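As a plain string of letters, each chain reads:
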Amino acid sequence: MKKTDVDRKGISSIFPPALREMANRICDLPGVEEIRIRRNCPVIVYAGGAEYWISKNGRRVFSLEEAYHCSGEDLEQMLSFLCRQSVYAYEEELRQGFVTIPGGHRVGIAGQVIREKGKVKNIRYISGMNIRIAGMVNGAADSLLPYLYENGVFCNTLVLSPPGCGKTTLLRDLIRQISNGNPFAPGQTVGVVDERSELSGGYLGEAFLDLGIRTDVLDRCPKSEGMMMLVRSMNPSVLAVDELGGEEDVTALKTALYCGCKILATVHGNDLSDIDRKPSLRHLQEEKAFCRILRLYKKDGIFSSEIYNGEGRLMDRKRLVRRDEAQ
């Protein structure tokens, strides 16, 4: 199991100059996963399964008095750096509540929502940010791969997971190993619709994260449109998408299946009953579109997975390796 380096330069660049030493030190912490910044509150870091307060020089501290408290001015400067001095140019990302920066790191944003014609248009008066640091663990999918192939053929697979259980890290490694080849099959062409630039860490056409040598990425493209574009133009053997949404996504996925593509997709949820609560996914399940369902979960502090077949029968359970455990 090998943890690979992920470019974190983009993280410190969104902090005000006076706080960049703090940001660089935070990024060097083992197993760092999230940086929580809230107006007039201490900076909180989640690393290695623990929570830390951070001083202005980036040291872990154990009292609120020593912790650095973020000001409103800090947040306003961060928003400006995040949007490269042009908030208007990032209106679409802000409307979704987050911006992805080079390296695949996602910066979530909270504040006052501006609505126009009944829809979210923008966010202003920023009250908090959550920086979710991307992870790349080569081998994260090793224990699951034997269940995802039958006679050398990849099985249509759905990954079901609540936030924070390693879904995206696992998906990246599955894509990489399907693309490069693995002990169960030679490498295949993989098409990835990366709607938020998170899977590939894409920035200005360059992927900062390794998704394999036979992978084609459509960056910042809506999933429903991107799946059809890849099917028509790149002829993928496997089509991979993160976080399936509504009917349009599922309709495009069905079309890809009819075209002969194998599917690797993820969706938010806690257990298999959540699939039945979503009409579009329930129909896919009734049609047995997915031959394998991987359910990721956390219990008693341990991250694990359950592997089900297309009939919903449990095949096995596996413990997942966390980023901070990888060497």
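Residues numbered from 1 in each chain as written. Predicted model: local features only at pLDDT ≥ 70, side-chain atom pairs only at ≥ 80, totals over all residues. Heavy atoms only, no water.

S.K.: Hey, could you run me through the sheet that holds strand E17 (residues 238–241) in this one?
M.R.: Hydrogen bonds between backbone atoms are what pair the strands of a sheet, whose relative direction is either parallel or antiparallel. Overall, mixed pairing links the eight strands, which are arranged E16-E15-E17-E18-E12-E19-E20-E21 in an open sheet. Edge positions in the sheet fall to strand E16 (215–219) and strand E21 (314–319), since each has one partner strand and no second. Taken pair by pair, the neighbouring strands of this sheet meet at an average axis angle of 20°, ignoring direction. Where E17 lies against strand E18 (residues 262–268), four bridges are found, and the strand directions are parallel. Bridge pairing in E18 places Val-238 opposite Lys-262. (Pairing = 2+ DSSP bridges. Helix = DSSP H or I, 4+ residues; strand = E, 2+ residues; numbered from the N terminus. Axes fitted to C-alpha atoms, helices over the stretch in contact; angles between N-to-C directions.)

S.K.: Got a minute to help me understand the packing of aromatic side chains in this structure?
M.R.: Aromatic rings considered in pairs are described by the distance between their centres and by the relative angle of their planes. Throughout the structure, instances matching the rule amount to two aromatic pairs. Judged by centre distance (5.6 Å) and plane angle (70°), the ring pair of Tyr-149 and Phe-154 falls under edge-to-face. This pair shows no difference in class: Tyr-149 is buried, exactly as Phe-154 is. Here Tyr-149 and Phe-184 contribute two aromatic rings whose centre-to-centre distance is 6.3 Å and whose plane-to-plane angle is 20°, an arrangement assigned as stacked. Here Tyr-149, found in strand E10 (residues 149–150), pairs with Phe-184, found in the loop between strand E13 (181–182) and strand E14 (185–186); they are 35 residues apart in sequence, far enough to count as distant. Residue Tyr-149 is classed as buried on the basis of its relative accessible area of 7%. Residue classification places Phe-184 among the partly exposed residues on the basis of a relative accessible area of 35%. Through pairs of rings, three or more aromatic residues link up here, namely Tyr-149, Phe-154 and Phe-184. Positioned above the aromatic ring of Phe-81 is the side chain of Arg-20, whose terminal nitrogen or guanidinium carbon lies 4.9 Å from the ring centre. Across from the ring centre of Tyr-52, 4.6 Å away, lies the NZ or CZ of Arg-60, which sits over that ring. (Phe/Tyr/Trp six-rings, centres within 6.5 Å; stacked < 30°, edge-to-face > 60°. Buried < 20%, exposed > 50% of the residue type's maximum accessible area, 1.4 Å probe, protein only. Lys NZ or Arg CZ within 6 Å of the ring centre and 35° of its normal.)

S.K.: Could you clarify how one ought to interpret the sheet that holds strand E8 (residues 119–132) in this entry?
M.R.: What the seven strands build is an open sheet, ordered E5-E4-E3-E2-E8-E7-E6; its pairing is antiparallel. Edge positions in the open sheet fall to strand E5 (60–61) and strand E6 (98–101), since each of these has one partner strand only. Pairing geometry for strand E3 (residues 44–47) and strand E4 (residues 50–54), over four bridges, is antiparallel. Residue Ile-44 lies in a different strand from E4, and its bridge partner there is Trp-53. Each of strand E2 (32–38), E3 and E4 touches helix H2 (residues 20–27); the most contacted strand, E2, lies at about 150° to it. Along the sheet, helix H3 (residues 72–82) makes contact with E2, E6, strand E7 (105–116) and E8, crossing E8 at roughly 105°. (Contact = heavy atoms within 4.5 Å.)

S.K.: I would appreciate a short explanation of the packing of helix H6 (residues 223–233) against helix H7 (residues 247–258) in the present structure.
M.R.: Packed helices, taken two at a time, are described by the angle their axes make and the gap between the axes. Closest axis-to-axis distance for the H6/H7 pair is 8 Å, and the angle between their directions is 15°. For the element pair H6 / H7, the angle class is roughly parallel. H6 and H7 meet at a crossing whose hand is left-handed. Side by side, H6 and H7 meet where Lys-223, Ser-224, Met-227, Met-228 and Val-231 of the first sit next to Glu-248, Asp-249, Ala-252, Leu-253, Thr-255 and Ala-256 of the second. Of the residues in the contact of H6 with H7, the class split is six nonpolar, two polar and three charged. (Parallel < 35°, antiparallel > 145°, perpendicular 65-115°, else oblique. Left-handed = near helix turned anticlockwise from the far one by under 90°. Nonpolar A, V, L, I, M, F, W, Y, C, P; charged D, E, K, R; others polar.)

S.K.: Any chance you could explain the nonpolar core here in plain terms?
M.R.: For soluble globular proteins, nonpolar side chains are generally found buried alongside one another. Ranked by size, the top nonpolar core spans 34 residues in total, and within it Phe-15, Ile-35, Ile-37 and Ile-131 carry the most contacts. Mapped onto this core, the elements with two or more residues apiece are H2, E2, E3, H3, E6, E7 and E8. Aside from chain neighbours lying at most four places away, what touches Ile-35 is Ile-11, Ile-26, Val-43, Ile-44, Val-45, Met-129, Asn-130, Ile-131 and Ile-133. Grouped together as the second largest cluster of nonpolar side chains are 27 residues, Phe-154, Cys-165, Ile-175 and Ala-185 included. (Core = buried A, V, L, I, M, F, W, Y, C linked by side-chain atoms within 4.5 Å.)

S.K.: Sorry if this is basic, but what is going on with the pattern of salt bridges here?
M.R.: Opposite charge on two side chains allows them to pair when their charged atoms are near. Counted according to the given criterion, the structure contains 18 salt bridges. The salt bridge involving Lys-167 is made with Glu-243; its shortest N-O contact spans 3.2 Å. With Lys-167 in helix H5 (residues 167–180) and Glu-243 in the loop between E17 and H7, the pair connects residues that are 76 residues apart, well separated along the chain. We classify Glu-243 as buried; its relative accessible area is 17%. In this structure, Lys-254 engages Glu-287 in a salt bridge whose closest nitrogen and oxygen atoms are separated by 3.8 Å. Highlighted residues: Lys-254 in helix H7 and Glu-287 in the loop between helix H9 (279–286) and strand E19 (292–299), separated in sequence by 33 residues. (Salt bridge = Lys/Arg side-chain N within 4 Å of Asp/Glu carboxyl O.)

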